[in-house]
Amino acid sequence: MRRCLVDKLVRYDIHDVAEYIDWSYFFHAWAIPHEFASVADVHECPSCRRQWTDSFDEAKRECALAVSSLYDDAKSMLAKCDGTYGVNAVFMLFEANSDGDDIMLGETRLPMLRQQTVGQDGYCWCLSDYVRADGEDRVGVFATSVDEEMQRVGANDDYEHLLAQTLADRLAEAAAERLHEEVRKHHWGYAPDEDLFVKELFQARYEGIRPAIGYPSLPDQRTIFPVARLLDVGKIGISLTENGAMYPQSSVCGIYIANKNARYFVI
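No experiment lies behind these values; they were computed from the predicted model shown.

A.B. asks: What is the right way to read unusual backbone geometry from this model?
C.D. replies: With the exception of glycine, most residues fall at negative phi, and the peptide bonds are largely trans. Note that the residue after Y247, namely P248, is joined by a cis bond; omega there is 5 degrees. Relative to the elements of secondary structure, P248 occurs in the loop between β7 (246–247) and β8 (251–257). The phi angle at A31 is positive, at roughly 60 degrees, despite the residue not being glycine. Structurally, A31 can be placed in the loop between α2 (23–29) and α3 (46–54). In this structure A31 comes out as exposed when scored by relative accessible area, which is 67%. In the Ramachandran plot, D232 falls in the positive-phi region, its phi being about 55 degrees despite a non-glycine side chain. Along the polypeptide, D232 turns up in the loop between α7 (224–231) and β6 (239–240). Classification of D232 as partly exposed rests on a relative accessible area of 46%.

As structure tokens, this is what we get:
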């Protein structure tokens, strides 16, 4: 029988994961063109911000000012919520093997999907291809979830409520990013000497992959059920609908694969 090797429960404050927020996705949720996401890289002093605004054509400056104001509001809300709300996470590491297109964690079978269209490399990939069949491998599972109460902030103000919700979504992803870094360097420890900037993490320059359920490499939402049972996601406040949607909405769940050749792909 395959064994669970690590079972880790983590609680993050907002300031623990704020630097791992990928602001480009925050602005995307507000339907803001990608070129304005660079505001998150600008020093917050008035002079630097003014130079950033002035770098746009006159026709775009009004939008740049609005984006700058939105970013300031988002940072203010993060500061206001810090210490009151946070993010819970759970990670488990199992002895594992592949069985055809499936991944086996102990007696738990995780069905994977294989690409149906041959890629440029002449192959149809499946996540199980990155897991050894002989039982001498490891696969992790994880989940993160923002406190449900944060997602109700501003319930009587449409703008504040949308701001809180989009920030909560980003915090769940940010916690997943930080947890994965800690897993690689410490809890699993297969990349102890990793030294990457946060921007490099966003570009997935680390060893291994972290496919989340419902995302392009792992689109079958039904996979959430066996993974959620293994993790006992209720202990971090997550419940599932009959269709496999997670509640609270600002939650992420997926698997860790350490194979150095593993890459994200679209089914």
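Text resumes after the structure shown.
A.B. asks: Help me out: how do you make sense of the environment of A64 in this one?
C.D. replies: Relative to the helices and strands, A64 is located in helix α4 (residues 58–81). The sequence separation of A64 and F36 amounts to 28 residues, and the corresponding C-alpha distance is 6.5 Å. Excluding its chain neighbours within four sequence positions, the residues that come into contact with A64 are F36, W52, T53 and F56.

A.B. asks: What am I meant to see in the side chain of S251 here?
C.D. replies: Position of S251 relative to the elements: it lies in strand β8. A distance of 2.9 Å separates polar atoms of two side chains, one belonging to S251 and the other to S145. Leave out the neighbours within four places in its chain, and S251 touches T144, S145, A172, I238 and M246.

About the cut-offs
Residues numbered from 1 in each chain as written. Predicted model: local features only at pLDDT ≥ 70, side-chain atom pairs only at ≥ 80, totals over all residues. Heavy atoms only, no water. Helix = DSSP H or I, 4+ residues; strand = E, 2+ residues; numbered from the N terminus. Buried < 20%, exposed > 50% of the residue type's maximum accessible area, 1.4 Å probe, protein only. Contact = heavy atoms within 4.5 Å. Polar contact = N/O pair within 3.5 Å; in protein donor to acceptor, adjacent residues only side chain to side chain.

This is a description of form; function is not addressed.
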